[in-house]
Amino acid sequence: LDPSDVVSAKSQRLDASAAALVARRTYGFQSIDGTRMGWSSPSLTKLLQTLTSLHDDHSHTFCVSSFYPFRLLFSPEDSMTVSERIDVFGGTICLNPTWTPTQWLDVLQAVTPASMDALSRNQTVLSRGLETLHSDTTGWLPNNTRIIRGYSCSSAEYHGCVLRMVSYTHLLESDDVGFVRNDTQTPASRNTPTTEDGTISIVIESPQSCRRAVVTAQGSIRVGSGMDGHDIGSGVKQRYHQAAAANRDETRKLDQVSVGFASVQNRFRLERIRKMEHSIVTTDQIRDCLDRLLELGDIHEHEHEH
């Protein structure tokens, strides 16, 4: 790489970051995410400057003075209605970057104080629901699990699934279902976590992409948002030990990747190496890539010696 190209690219990224900061503060967004578009930094800078100019010209037509705590997401998704673009469960406002400013305006003007209130209520309910599940004492979920939303699951589907799981927890607590509680089970029948198991993620996906509990290569347990609490609990119980073993293996691989990052940074004098957010690249693929880079460095060094 030409050093001047590196300097230019860094300058362009700084320009995009500055434009994002101005737009975020102007609208009051909690954050602005344009990473999924794959646009160049100059194009992203121009897009954000257009967004800021739109506020300067039309803020008097908005129903709210600040869009906080909504997050702005730029996405090429084009099949959503205006109301669907204002996600009062996940807290995002979705704009298509190829739209005209007038089309953006239709979405932004549809955000009302009622939208803000609905988002606040939903986030409070979700937070309390997750707290209930993570502090569950009935034992239907192992105490080292965490519940997260998968990429295929909408925030509304995730919200509904969590609330059904909370309702199932309350049923177990009141003994209104005909199941034996874990405090009467023998130790051998429980999925008792060990210190080596780490944290097991229960990833909630859309009903279309997941209809039963499945263990991923990374040691997570995927479940569908359409499953009821009993089916989720049964699936987690059946696949817990498989997930714990995969999770330990993934942790070992991540340790190797950390060592590989340090080696490649040192060999090529890089400022940093990172995995892109929302990337589908696996840990094995990252590890193989780092190994090839180190091999390339060895070949290059050998050629210079001769």
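These figures come from a predicted structure and were not determined experimentally.

**Observations concerning a nonpolar patch on the surface**
So, step 1. A surface patch of nonpolar side chains, amounting to about 320 Å² of accessible area, comprises Phe268, Leu270, Leu293 and Leu296.
So, step 2. Within the fold, phenylalanine 268 resides in helix 6 (residues 229-268).

**Here's the deal with the sheet that holds strand 6 (residues 200-205)**
So, step 1. Spatially, four strands are ordered 5-6-8-7 in an open sheet, and the strand pairing comes out mixed. Edge strands, defined here as strands with exactly one partner in the open sheet, are strand 5 (145-149) and strand 7 (214-215).
So, step 2. Relative to strand 8 (residues 221-224), strand 6 runs parallel, the two sharing four bridges. Counted as the bridge partner of glutamate 205 is glycine 224 from strand 8.

**Here's the deal with the packing of aromatic side chains**
So, step 1. Under the defined criterion, the tally for this structure stands at seven aromatic pairs.
So, step 2. Note on phenylalanine 62 and phenylalanine 67: the rings are 5.5 Å apart at their centroids and 80 degrees apart in plane angle, and the pair reads as edge-to-face. Here phenylalanine 62 matches phenylalanine 67 in class, with each residue buried.
So, step 3. Taken together through their ring pairs, the aromatic side chains of Tyr27, Phe29, Phe62 and Phe67 make up a single cluster.

**Describing the packing of helix 1 (residues 3-27) against helix 2 (residues 41-58)**
So, step 1. Axis separation between helix 1 and helix 2 bottoms out at 8 Å; the angle between their running directions is 20 degrees. One element, helix 1, and the other, helix 2, form an angle in the roughly parallel class. You can see that helix 1 and helix 2 cross each other, and the crossing is left-handed. Together, Gln12, Arg13, Asp15, Ala16, Ala19, Ala20, Val22, Ala23, Thr26 and Tyr27 of helix 1 and Ser41, Pro42, Leu44, Thr45, Leu48, Gln49, Leu51, Thr52, Leu54 and His55 of helix 2 make up the contact between the two elements.

**Description of the side chain of asparagine 247**
So, step 1. The topology assignment puts asparagine 247 in helix 6.
So, step 2. Look at asparagine 247 and you get buried, because its relative accessible area is 11%.
So, step 3. Those residues in contact with asparagine 247 that lie beyond four places of it in its chain are Asp197, Gly198, Thr199, Ile200, Gln218 and Gly219.

Reading the values: the criteria
Residues numbered from 1 in each chain as written. Predicted model: local features only at pLDDT ≥ 70, side-chain atom pairs only at ≥ 80, totals over all residues. Heavy atoms only, no water. Patch = residues over 30% accessible without salt bridge, like charges linked within 9 Å, V, L, I, M, F, W, Y side chains within 5 Å. Areas by Shrake-Rupley, 256 points an atom, 1.4 Å probe, with all protein chains shown as cover. Salt bridge = Lys/Arg side-chain N within 4 Å of Asp/Glu carboxyl O. Helix = DSSP H or I, 4+ residues; strand = E, 2+ residues; numbered from the N terminus. Pairing = 2+ DSSP bridges. Phe/Tyr/Trp six-rings, centres within 6.5 Å; stacked < 30°, edge-to-face > 60°. Buried < 20%, exposed > 50% of the residue type's maximum accessible area, 1.4 Å probe, protein only. Axes fitted to C-alpha atoms, helices over the stretch in contact; angles between N-to-C directions. Parallel < 35°, antiparallel > 145°, perpendicular 65-115°, else oblique. Left-handed = near helix turned anticlockwise from the far one by under 90°. Contact = heavy atoms within 4.5 Å.

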